[in-house]
Protein chains: 2
Amino acid sequence: MVDFIDGGVTTPEGFKAIGVHSGVKYRSLDLGLVRSEVPASAFVGYTSNEVKAAPVQVMMEENSPTLTAVVVNSGNANALTGRRGIQDAITMKETVASELNIDPKQVGVMSTGLIGRFMDMQKIKYGISKAAGELSVGREADNLFAEAIMTTDTIKKECAVRVRLSDGTMVYIGAVSKGSGMIAPHMKVLHGTTLSLVTTDAKLSPKFREKWQEILDDSMNMVSVDGDQSTNDTCILLANGMAKGACADDDPLFYEALKIVMSKIARTIAVDGEGATKLIEVQVHGAATKEDARKAVRKIINSPLVKSAIFGSDPNYGRIMMALGNSGVKFNLEEVRLVIKGGEMEVPILDAGAPVFQEERSVEVVRMAMDNKEVAIILNLANGDESAVGWGCDLTYDYVRINAEYAT
Amino acid sequence: MVDFIDGGVTTPEGFKAIGVHSGVKYRSLDLGLVRSEVPASAFVGYTSNEVKAAPVQVMMEENSPTLTAVVVNSGNANALTGRRGIQDAITMKETVASELNIDPKQVGVMSTGLIGRFMDMQKIKYGISKAAGELSVGREADNLFAEAIMTTDTIKKECAVRVRLSDGTMVYIGAVSKGSGMIAPHMKVLHGTTLSLVTTDAKLSPKFREKWQEILDDSMNMVSVDGDQSTNDTCILLANGMAKGACADDDPLFYEALKIVMSKIARTIAVDGEGATKLIEVQVHGAATKEDARKAVRKIINSPLVKSAIFGSDPNYGRIMMALGNSGVKFNLEEVRLVIKGGEMEVPILDAGAPVFQEERSVEVVRMAMDNKEVAIILNLANGDESAVGWGCDLTYDYVRINAEYAT
């Protein structure tokens, strides 16, 4: 029903985008702009970090139900910048508004990059003016935008789907995201540094907000690279209704399509975690509550010991249970089932609270399963019916290198 | 008042110790035994990990108010070993009891090493028998015991003090600990893999238990190498009363002396964190509650981004505020004070919510402060009168290396 297509943020009807070089970064693209032909219903999730970047504060304060344009800069997070930072975020909105001849309230703003440095507004203004003149449609525009919002990212995180809704309307969803480190979003609608922008030409009403939270909770909020939630995480969904169909709020097909898009973006962020060589998927089944399942997933996916064991394909599966034991979730150790899956191999690990494998030679099977680009840790707590899935990555030498010399 | 002296677990009157090679490890010492001449009041803190190693389960179940001997093996954690593991832990107690001709209830047991492998009890029994015959007093015995309980530790964690109590009695406290990775103890008395053994010839009554918890909460429970709490953490305090003085339960001098010993051991564990090149001390002052102060310390000391920045002396102080913002603790960003201290340098970082340093050249000062073996992060939340201090270490290439090939 849901078809993946080659596309990005300008694939849905009525969206233009661009990425330019403003000069905040030395050479790479560092400023992106997206515009919808008509004001779009906006659904935004923000970081729940107590230290919120200036653009997040400004957006939350304004809480505009519709947005026509979104400007994003990379290289400087405009976080921990006090009052001057707030003024700079407002100026970014105003500059876009004046260039596009729209109300500043119709402009969303996101920033990512180094924390604790003031913005160079001359460069930003130059970049906005340049971007406003170059907005366009198509794969090149998508790509320039995707590139402009990247920091330590090594791959573009982009996808698009099309789905025919219950009323027959064909709608498109395009998504782009950046995020590689400081990743453990816990975004709350209304009130994670992943920046994501999702565009759709479906029509949505403000009621869709709750569903957007549900989808974020099962997708973006289940990714963790380092357990460190950014000051800047923001995820904006723009629905401009230009596909002309009925309101898609309650259409299960739309919900499904959006969830697929967001889960795909979430996985890609984990694949591109700073220094990552492997994707780790953690599935927890049989939990008493959904929250228990999520807590267990997060604890395991954030454990440095689990992450470094997987990096080295070190079959030290005891660490998975150690992490589960620290999650605060109840389970019966004698009945817990643990499977490690890698490539075509699915290896059961526990039997009545003790590992099946005890001998060096048999442990080799576990090592072989772990020696894959995607490793899944599948737990059944035998304590209920709830499940959760989350994504993370291994802890590698390169993670340390990247983060020991980031500001340098 | 409190004098540090060159000593260890056999320094207090009436304690003997030894470390031997049982064969669980290929070559190094791997089994330690301590014995008190008379039954000693025992105060024990255990891991609060839901997955508890077999020796922890056995000790908690028995909850003996006095102990005469403690056996410790390294190389195998006897964790995640099901019913067989429980039986093996009991057998360890029984073997010691029979060798020393005491009641098995008088024997404490601790294990550390690889999780999820059954014990080789033949080797363990051989080791216990050998150790029982070699128990002795003095610095060599202390050192052999300290060595026998080490895993990835690179330095011995040992200290001793003497203090003259209010009633004139001179008492001694000796302590030894192991711990390098999987360190974030959260030990509860009654009910961190740091294994610690503290001996004293002071006299204590069961009432001292609460104070022991307080001391653990301010010392061992404030160390974190990786935020991963072990399945095996155990800390045993043995007080045999052989100094013949009054009960030291309420003697502030004894409390102070024990706290100094435990804090010193805690710091040493952080210094010897797996792969660590630097000690990080985090002080949080001006918190609304003690629990707030501890939460903030723990979040900062566990942040991979803060830890790797300090490894690289990367003056990315925004990450400290990011971590504080994720701690769930309330503060007023505009009033928070942050100082980074290294060597003789004390560098104030924030002014009204934004960093003082903005220019590359001035940021150099921060880098110089961070370029020290001990770096202190000092925060004042300006929100109350409570404080907490904790210790951790930087995240390095070696941490990854050690943990990517531990089981191998």
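None of the values given here were measured: they were computed from a predicted structure.

**Brief notes about the sheet that holds strand β16 (residues 374-380) of chain A**
Strand pairing in a sheet relies on backbone hydrogen bonds. The paired strands run either parallel or antiparallel.
Residues and elements named next belong to chain A.
So, step 1. The strand order across the open sheet built from five strands is β13-β12-β16-β11-β17, with neighbouring strands paired in mixed fashion. Either end of the sheet is taken by a strand with one partner, and the two such strands are β13 (345-348) and β17 (386-393). Each strand of the sheet is rotated relative to its neighbour by a mean of 15°, with strand direction disregarded.
So, step 2. Where strand β11 (residues 279-287) meets β16, seven bridges bridge the pair, whose relative direction is parallel. Across the sheet, residue leucine 279 finds its bridge partner in β16, namely glutamate 374.
So, step 3. Where helix α6 (residues 252-271) meets the sheet, it contacts β11, β16 and β17, and its direction lies at approximately 40° from that of β17.
So, step 4. Helix-sheet contacts for helix α7 (residues 290-302) involve β11, β16 and β17, and the interaxial angle to β17 is about 20°.

**Overview of the interface of chain B and chain A**
So, step 1. Listed as interface residues are 64 residues of chain B and, on the opposing side, 65 residues of chain A.
So, step 2. A buried area of about 5,100 Å², summed over both sides, lies between chain B and chain A, and 55% of it is on carbon and sulfur atoms.
So, step 3. Considering only the surface of chain B that becomes buried against chain A, Leu80(B), Arg117(B) and Tyr397(B) emerge as the three largest contributors, covering 12% of it.
So, step 4. The tally of links from chain B across to chain A stands at four salt bridges.
So, step 5. In this structure, the salt-bridge partner of Glu334(A) is Arg83(B), at a minimum N-O distance of 2.7 Å.
So, step 6. Linking chain B with chain A are 10 residue pairs in polar contact (both at pLDDT 80 or more), by the criterion used here.
So, step 7. Mapped by element, the contributors of at least two residues to the side of chain B that touches chain A are α2 (82-100), α8 (304-311), α9 (318-325), β15 (354-355), α10 (360-370) and α11 (397-404) of chain B.
So, step 8. Of all the elements, α11(B) adds the most residues to the side of chain B that touches chain A, at six residues.
So, step 9. Tallied by class, residues from the side of chain B that touches chain A come to 29 nonpolar, 20 polar and 15 charged.

**Let's talk about the relation of the copies chain B and chain A**
So, step 1. You can overlay chain B on chain A at an RMSD of 0.0 Å; the transform is a turn of 180° with a shift of 0.0 Å along its axis. Expressed as an axis order, the relation between the two copies is that of a two-fold axis. Looking at the rotation axis and the C-alpha trace of chain B, the residue lying nearest is Tyr397(B), at 2.6 Å.

**Describing the confidence of the model for chain A**
So, step 1. Averaged over all residues, the pLDDT of chain A is 90; the fraction at 70 or higher stands at 96%.
So, step 2. Interface predicted TM-score (ipTM) for the complex: 0.77; the corresponding pTM is 0.81.

**Quick word on the nonpolar core**
So, step 1. Counting 252 residues, the largest nonpolar core has Trp212(A), Phe254(A), Leu258(A), Trp212(B), Phe254(B) and Leu258(B) as its most contacted members.
So, step 2. Counting residues per element, this core draws most heavily on α6(A), at 11 residues.
So, step 3. Ignoring sequence-local partners within four residues, the contact set of Phe254(A) consists of Leu165(A), Val171(A), Ile173(A), Thr200(A), Ala202(A), Leu204(A), Phe208(A) and Ala248(A).

**Points about the pattern of salt bridges**
Residues and elements named next belong to chain A.
So, step 1. Across all of its chains, the model carries 36 salt bridges over all chains by this definition.
So, step 2. The partner of aspartate 272 in a salt bridge is lysine 157, and the shortest N-O contact between them spans 2.5 Å. Exposure class is identical for aspartate 272 and lysine 157. Each is buried.
So, step 3. One network of salt bridges, with partners in common, ties together Asp6, Arg139, Asp142 and Glu158.

What counts and how
Throughout, residues of each chain are indexed from 1 in the direction in which the sequence is written. By the order in which they are written, chains take letters starting at A while ligands take numbers starting at 1. The predicted origin of the model limits local features to residues at a pLDDT of at least 70 and limits the giving and counting of side-chain atom pairs to 80 or more, whereas totals for whole chains, interfaces and linings rest on all residues. Excluding hydrogens and water, the side-chain figures rest on all heavy atoms present in the structure. Here a strand pair is declared whenever DSSP counts at least two bridges between the two strands. Labels follow the DSSP assignment, with helices taken as runs of H or I lasting at least four residues and strands as runs of E lasting at least two, numbered in each case from the N terminus. Axis definition: a line fitted to C-alpha atoms, over the contacting stretch in the case of helices. Angles run 0 to 180 degrees between N-to-C directions. The contact criterion used throughout is that any non-hydrogen atoms of two residues lie within 4.5 Å. Reported buried area values correspond to the accessible surface (1.4 Å probe) lost by two parts on association, with both partners' losses combined. Salt-bridge detection follows one rule: a side-chain nitrogen of Lys or Arg within 4 Å of a carboxyl oxygen of Asp or Glu. As used in this structure description, the phrase polar contact means that two N or O atoms lie within 3.5 Å; if the pair is within protein, one of them must be able to donate a hydrogen and the other to accept it, and residues adjacent in sequence are counted only when both atoms belong to side chains. In the scheme used here, Gly and all other residues not listed as nonpolar or charged are polar, with Ala, Val, Leu, Ile, Met, Phe, Trp, Tyr, Cys and Pro taken as nonpolar and Asp, Glu, Lys and Arg as charged. Least squares is the method used to superpose the copies, on C-alpha atoms of residues holding a pLDDT of at least 70 in both. Every residue is assigned a pLDDT by the predictor, reflecting its confidence on a scale from 0 to 100. Side-chain atoms within 4.5 Å link the members of a nonpolar core, which is a set of buried Ala, Val, Leu, Ile, Met, Phe, Trp, Tyr and Cys residues. Here the term buried applies to any residue with accessible area under 20% of the maximum for its type, exposed to any over 50%, and partly exposed to those in between, with areas from a 1.4 Å probe on protein chains only.

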